[in-house]
Structure formats: structure tokens, C-alpha cells
Amino acid sequence: MHDKASGVTVNDEVIKVFNDMKVRKSSTPEEIKKRKKAVLFCLSDDKKQIIVEESKQILVGDIGDTVEDPYTAFVKLLPLNDCRYALYDATYETKESKKEDLVFIFWAPESAPLKSKMIYASSKDAIKKKFTGIKHEWQVNGLDDIKDRSTLGEKLGGNVVVSLEGKPL
């Protein structure tokens, strides 16, 4: 399964992580704690594969323990000088209801090397194709675009979103 654009393949672990995040089956409290709230993906050192970035994740069980606010903690995981792909499981409220949605984020900060931006941009379709059924895609070009949670709120539902991760917008 080579993607012609960049010849980059997607590691199976990436797809497994996505499927685990997508399926919100009723689980035991222990299982829920192990669920990923956010995870980063990067290119392997040889630039041939998209892989799950080691230890760059937030688990549901971390929230309220080592992580006070998952959104802020997620933003802090992003490298300032390189590109990444990420999945973020947003919990938010509109005036009508509580919702959860996976957001696919393509992080491409201005300060990343041009070569990195090019390969991440050309490989994006390879990973996106594997993430079936994602409604929200967000390309972010720097901290200013992402540090304020209201920007994600707008992405998720325009002005109808009233809170994100339990914090009012």
C-alpha cells in the first residue's frame, strides 16, 4: 500500500491507535483510563513510514491526575520546530448536547524546515485515508492558531460550541 505522492506508508500501530480512539464502546473504568485522549504521529527517521510518536500522548486516565487540562497539555506536546500529525478526542458542549469528536490535526509550524513541511504535506493523504470517518481536519501553522481553545471550538461547531473539555469558551 504505497502512496504515490511521497512513497510513505502508514505503520499498523497508527491504524490501531486510530481505531481504538474511534470506537467508544462502553468499557470498564480501567479500560477508559487507558484510552488515548490525544496522540502524535511523526515520520520515522528514514522518512519511509508514519509512526506513533513515542510517549507523546495523553491518556484519559491522566486527566485530573498528571494532566489538569488536556487541551493545554496537548498543545505543549507539539514540537515548535517540526511538523506532526495528531489525533485529539475533543469533548465539548453545544447549547443542545454534549459531544465527542475526533479531530485530525496537521501541525505545520512556520518555523519547521521546508523539507519537513513538504514531506509532511505530501504524506498527509496517506494517513488521512486510513482515518476513515473523521469529520474534522485542522491544519495549524503555529502556536497562535491553536493555543486558544476557542479556535478548536469554532472548528467543531462554529459559534454553537459553549465549552471544550469542561471549560467555557
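The sections below set out a description of the structure shown in this document. For every chain, the first residue of its written sequence is number 1, and the numbers climb from 1 along that sequence. A pLDDT threshold of at least 70 governs which residues receive local features in this predicted model, and a stricter bar of 80 or more applies before side-chain atom pairs are shown or counted, although totals over entire chains, interfaces and linings include all residues. Processing note: side-chain calculations cover all non-hydrogen atoms of the structure and skip hydrogens and water entirely.

## Considerations on the packing of aromatic side chains
Alright, step 1. Ring pairs are drawn from Phe, Tyr and Trp, using the six-membered ring of Trp, whenever the two centres fall within 6.5 Å, and their geometry is named by plane angle: stacked under 30 degrees, edge-to-face over 60, tilted for the rest. Counted under the stated rule, the structure contains eight aromatic pairs.
Alright, step 2. Ring plane angle 25° and centroid distance 4.6 Å describe the contact between F18 and F131, whose orientation is recorded as stacked. Of this pair, F18 sits in helix α1 (residues 12-22) while F131 sits in the loop between α4 (114-130) and β6 (136-140), and the two are 113 residues apart along the sequence.
Alright, step 3. Relative accessibility under 20% of the residue-type maximum defines a buried residue, over 50% an exposed one, and the middle range a partly exposed one, all with a 1.4 Å probe and only protein chains included. What makes F18 buried here is its relative accessible area of 0%.
Alright, step 4. Taken together, the ring pairs in this structure connect F18, F41, Y85, F104, F106, Y120 and F131 into an aromatic cluster. Only runs of H or I of at least four residues qualify as helices and only runs of E of at least two qualify as strands under DSSP, and these elements are numbered from the N terminus.

## Here we look at the environment of D148
Alright, step 1. Along the chain, D148 turns up in the loop between α5 (143-146) and α6 (149-157).
Alright, step 2. By relative accessible area, D148 is classed as partly exposed at 41%.
Alright, step 3. When the C-alpha atoms of D148 and I134 are compared, they prove to be 22 Å apart, with 14 residues separating the residues in sequence.
Alright, step 4. Residues adjacent in sequence count toward polar contacts only when both atoms are side-chain atoms; beyond that, a polar contact is any pair of N or O atoms within 3.5 Å, and within protein one must be able to donate a hydrogen and the other to accept it. Within the local environment of D148, its side chain forms a polar contact with the backbone nitrogen of S150, the two atoms lying 3.0 Å apart.

## Observations regarding the pairing of strand β3 (residues 49-59)
Alright, step 1. The pairing criterion for strands is at least two bridges between them, as found by DSSP. As defined by bridge partners, strand β1 (residues 9-10) adjoins β3 across two bridges and the pair is classed as parallel. Considered in β3, the bridge of V10 is made with I50.
Alright, step 2. Sheet topology note: the strand β2 (residues 36-43)/β3 ladder contains six bridges and is antiparallel. Within β3, the position partnered with C42 by the bridge is I51.
Alright, step 3. What sits between β2 and β3 in their antiparallel hairpin is a turn of five residues, with K47 showing a positive phi close to 60°.

## Considering unusual backbone geometry
Alright, step 1. A positive phi is found at K47, a non-glycine position, where the angle reads about 60°.
Alright, step 2. Within the fold, K47 resides in the loop between β2 and β3.

## Side note on the environment of F74
Alright, step 1. If you trace the backbone, F74 turns up in helix α3 (residues 70-77).
Alright, step 2. Taking relative accessible area as the criterion, F74 reaches 0% and is therefore assigned buried.
Alright, step 3. Once the C-alpha coordinates of F74 and A38 are considered, the two residues, 36 residues apart in sequence, prove to be 6.7 Å apart.
Alright, step 4. With residues up to four places along the chain from it excluded, the contact list for F74 reads A38, L40, I58, A86, Y88, I105 and I146. Residues count as neighbours in contact if any of their non-hydrogen atoms are within 4.5 Å of one another.

## So, α1
Given 3.6 residues to a turn, an α-helix orients residues that are three or four positions apart in the same direction.
Alright, step 1. Regarding α1, the residues found buried are V14, V17, F18 and M21. For α1, the angular spread of the buried residues around the axis is 100°, confining them to a single face.
Alright, step 2. Buried residues belonging to α1 abut β1, β2, β3, β4 (84-94), β5 (98-107) and α4. This arc corresponds to the set of directions leading from the helix axis out to the C-beta atoms.

## Here's the deal with the pattern of salt bridges
Alright, step 1. By definition, a salt bridge exists where a carboxyl oxygen of Asp or Glu is found within 4 Å of a side-chain nitrogen of Lys or Arg. Throughout the structure, instances matching the rule amount to eleven salt bridges.
Alright, step 2. Note that D69 is salt-bridged to R149, the shortest N-O span being 2.4 Å. Of this pair, D69 sits in the loop between β3 and α3 while R149 sits in helix α6; the two residues are 80 residues apart in sequence, bridging distant segments of the chain. Of the two residues, D69 and R149, neither departs from the other in class, the shared state being buried.

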